[in-house]
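# Summary of the model geometry
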Amino acid sequence: AQTVTQSQPEMSVQEAETVTLSCTYDTSENNYYLFWYKQPPSRQMILVIRQEAYKQQNATENRFSVNFQKAAKSFSLKISDSQLGDTAMYFCAFMKLLDDKIIFGKGTRLHILP
Amino acid sequence: DARVTQTPRHKVTEMGQEVTMRCQPILGHNTVFWYRQTMMQGLELLAYFRNRAPLDDSGMPKDRFSAEMPDATLATLKIQPSEPRDSAVYFCASGPNTNTEAFFGQGTRLTVV
């Protein structure tokens, strides 16, 4: 069975700093998707970024980028120039190709301090 | 804009009562998920459907929980009888045929007293 581990329950950084959230996963699959979801206080789950395992290039979305290390089964999220609106829970998630189940980590609570 | 709609947003009920949560997936999406979020367990997958057929409900307590899709525009999650330990936020999500991601509703916060 696949598992997703987020080792940082909570983090705080100053506004405008760069922060990296860690995620590791365990799978025997070769083809899969990895995700980072953001959950602000509004409770809405928002997809931040998606990475296909067969792509070597790291995904980026504006200030958000990932460091995908397939061999190490590591998928960290970097937030550059952090903003107050980035304060949220961040969930790392895994989905096998041709499957539907998305397995989530326990989340990292990120506080951006003014 | 297309979104997953869940009702009710909040529900407070007494132990032993039946609770029904509803979800309208995004039109055209053929995969529907039910997740439960608690502080202790995080996001747990309860059940999911593809083309209205249940594919996996192994995460769901069978004795009191049931999930159905009466039609393509409605998914329901029922708890009967409800217990205080069922207090959580229940999310519905839907996904397109390409299965590349899931779009979440805003959740139902359930409190069983």
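Quantities reported herein were computed from a predicted structural model and do not represent experimental measurements.

## A few points about the overall build of chain B
For chain B, the count of helices and strands is zero helices and 11 strands. Along the chain direction, N to C, the helices and strands of chain B fall in the order β-β-β-β-β-β-β-β-β-β-β. Computed over C-alpha atoms, the radius of gyration of chain B comes to 13 Å, within 12% of the 13 Å expected from 2.2 N^0.38 for 113 residues, which places it in the range of a compact globule. When its C-alpha atoms are laid out on the principal axes, chain B stretches across 40 × 30 × 25 Å. Per-residue burial for chain B yields a buried fraction of 50% across its 113 residues. For chain B, restricting intrachain contacts to residue pairs at least 6 apart in sequence, the fraction spanning at least 24 positions comes to 53%. Summed over its atoms, the accessible surface of chain B is roughly 5600 Å², and 50% of this surface lies on carbon and sulfur atoms. Distance between charge centres in chain B, computed from 12 positive and 12 negative side chains, equals 3 Å.

## What to know about the sheet that holds strand β8 (residues 74–79) of chain B
Residues and elements named next belong to chain B. On the basis of which strands lie adjacent, the open sheet formed by four strands has the order β1-β3-β8-β7 and antiparallel pairing. Two strands in the sheet have a free side with no partner beyond their single neighbour: β1 (5–7) and β7 (65–71). Put simply, the sheet's adjacent strands are angled 20 degrees from each other on average, direction ignored.

## A look at the pattern of salt bridges
Following the criterion strictly, the structure yields 11 salt bridges over all chains and no others. Note that Lys101 of chain A and Asp56 of chain B form a salt bridge whose closest N and O atoms lie 3.1 Å from each other. In this pair, Lys101 of chain A is assigned in the loop between β10 (88–96) and β11 (102–104) and Asp56 of chain B in strand β6 (residues 53–56), connecting two distinct chains. The closest approach of N and O atoms between Arg85 of chain B and Glu83 of chain B, which form a salt bridge, is 2.5 Å. Linked through salt bridges whose partners overlap, the residues forming this network are Arg50, Glu52 and Lys55 of chain A together with Glu101 of chain B.

Cut-off values and rules
- Residues numbered from 1 in each chain as written.
- Chains lettered and ligands numbered in written order.
- Predicted model: local features only at pLDDT ≥ 70, side-chain atom pairs only at ≥ 80, totals over all residues.
- Heavy atoms only, no water.
- Helix = DSSP H or I, 4+ residues; strand = E, 2+ residues; numbered from the N terminus.
- Rg over C-alpha atoms; globule rule 2.2 N^0.38 Å.
- Buried < 20%, exposed > 50% of the residue type's maximum accessible area, 1.4 Å probe, protein only.
- Contact = heavy atoms within 4.5 Å.
- Areas by Shrake-Rupley, 256 points an atom, 1.4 Å probe, with all protein chains shown as cover.
- Lys, Arg positive; Asp, Glu negative; His and termini not counted.
- Charge placed at Lys NZ, Arg CZ, Asp CG, Glu CD.
- Pairing = 2+ DSSP bridges.
- Axes fitted to C-alpha atoms, helices over the stretch in contact; angles between N-to-C directions.
- Salt bridge = Lys/Arg side-chain N within 4 Å of Asp/Glu carboxyl O.

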